[in-house]
Amino acid sequence: MSSLRIIDIAVNLTDGMFKGIYHGRQCHVADIPAVLSRAWAAGVDRIIVTGGSLEESKEALSIAETDGRLFCTVGVHPTRCQEFEESGDPERHFQALLSLAKEGIEKGKVVAVGECGLDYDRLHFCPAETQKKYFEKQFELAQAVKLPMFLHMRAAGEDFCEIVSRNKARFTGGVAHSFTGSAEDRDSLLAFDSMFIGINGCSLKTSENLNVLKGIPIDRMMIETDAPYCDIRNTHAGMAFVKSVWSAKKKEKYENDSPVKGRNEPCYVKQVLEVVAGCKGITDVEYLSKILYHNTCRVFFPQDLDTAGDSLLESGVIAENN
């Protein structure tokens, strides 16, 4: 077992790949228990399961209820915001999200509103005006239930930051997850006091990505896999810093005790931690993991904060800045 303590803030356990389904074809048995077992062994001790639609958020909550270390979000992804209109009654759809969020909070499972935001790379799924309308609407949800936000920003930095700025009094804090933006995007996000930046394999593909990462203070960062997507691949610049590897099998030759080749899973968040450490020249990976863990608790699990963590964070910022 690992001595690390890691929170993976983004795992899409509702995705068909964790049911063994790839492109509509059943390739192996559903294997969430095996996936989670590898994660716990790698040092992960909490996972936030992502909800990206009303139905997916219901499933995320059901999955989160199966293990004390699983939590979830409730919200609608920018590419799926047309579901508000397609429901025939957008306000009733919003109220269903609100009821689900309240139910999940009572169960101690829902820790954020999201995944919501703007994605201008995939406007073919949902036009920009619809995305903006229902991104703004979900701040109303965050305000009503007093939860932080789990945010998505892709090729939409200016509009995203404008909407966040307009609504910054309506939410307690948040993370812009799966960050792939420019140095300018990074600095715009960091200008919001309560905003953190989520790093995964998609954040670590190119040398330019790594240069942007170097400018994110460790006290404003969280790590994630966004599994089953966003794995770190051999062709990625970040791979040079990876130390932990798993023997993966092709989905057609599935074995329960091995990861599936090409399918990201939460144990690989340890690789993200290693790349962040290597890129920033931090030799003590366990120390870095404690800082990132503390950051995540500050936003999503404030009841678990302690003064020792604050002292560690303060010394960490000094160590990094020096």
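Here, the structure is the one placed above.
This write-up is about the structure you can find in this document. Since the model is a prediction, treat every value here as computed from it, not as a measurement.

Here is what the cut-offs are and how they apply
- Residues numbered from 1 in each chain as written.
- Predicted model: local features only at pLDDT ≥ 70, side-chain atom pairs only at ≥ 80, totals over all residues.
- Heavy atoms only, no water.
- Helix = DSSP H or I, 4+ residues; strand = E, 2+ residues; numbered from the N terminus.
- Buried < 20%, exposed > 50% of the residue type's maximum accessible area, 1.4 Å probe, protein only.
- Contact = heavy atoms within 4.5 Å.
- Pairing = 2+ DSSP bridges.
- Right-handed = clockwise from strand over helix to strand, strands pointing away.
- Axes fitted to C-alpha atoms, helices over the stretch in contact; angles between N-to-C directions.

As for the environment of leucine 189
Alright, step 1. In this fold, leucine 189 is placed in helix α7 (residues 183-190).
Alright, step 2. The buried category is assigned to leucine 189, whose relative accessible area is 0%.
Alright, step 3. Sequence-distant contacts of leucine 189, defined by excluding residues within four places in its chain, comprise Met153, Phe160, Cys161, Ala176, Phe179, Met195, Ile197 and Arg220.

Looking at the pairing of strand β9 (residues 195-199)
Alright, step 1. Burial of β9 is extensive: five of the five residues sit out of reach of the surface.
Alright, step 2. Side-chain alternation along β9 places Met195, Ile197 and Ile199 on one buried face and Phe196 and Gly198 on a second face that is also buried.
Alright, step 3. Sheet topology places strand β8 (residues 174-177) next to β9; three bridges connect them, and they run parallel. Of the residues in β9, the one forming a bridge with glycine 174 is methionine 195.
Alright, step 4. The handedness of the β8 to β9 crossover, carried by α7, is right-handed.

Structural notes on the sheet that holds strand β1 (residues 6-11)
Alright, step 1. Spatially, the eight strands line up as an open sheet ordered β1-β4-β5-β6-β7-β8-β9-β10, and their pairing is parallel. The sheet is open, and its two edges are formed by β1 and β10 (221-223), each paired on a single side. Ignoring strand direction, the axes of neighbouring strands in this sheet form an average angle of 30°.
Alright, step 2. Note that β1 and strand β4 (residues 44-49) share four bridges and pair parallel. Its bridge partner lying in β4, isoleucine 7 is registered against arginine 46.
Alright, step 3. Along the sheet face, helix α1 (residues 32-41) touches β4 and β5 (70-74) and points at about 135° away from the line of β4.
Alright, step 4. Together, β5, β6 (110-119) and β7 (149-154) form the strand contacts of helix α5 (residues 128-145), whose direction differs from that of β6 by roughly 165°.

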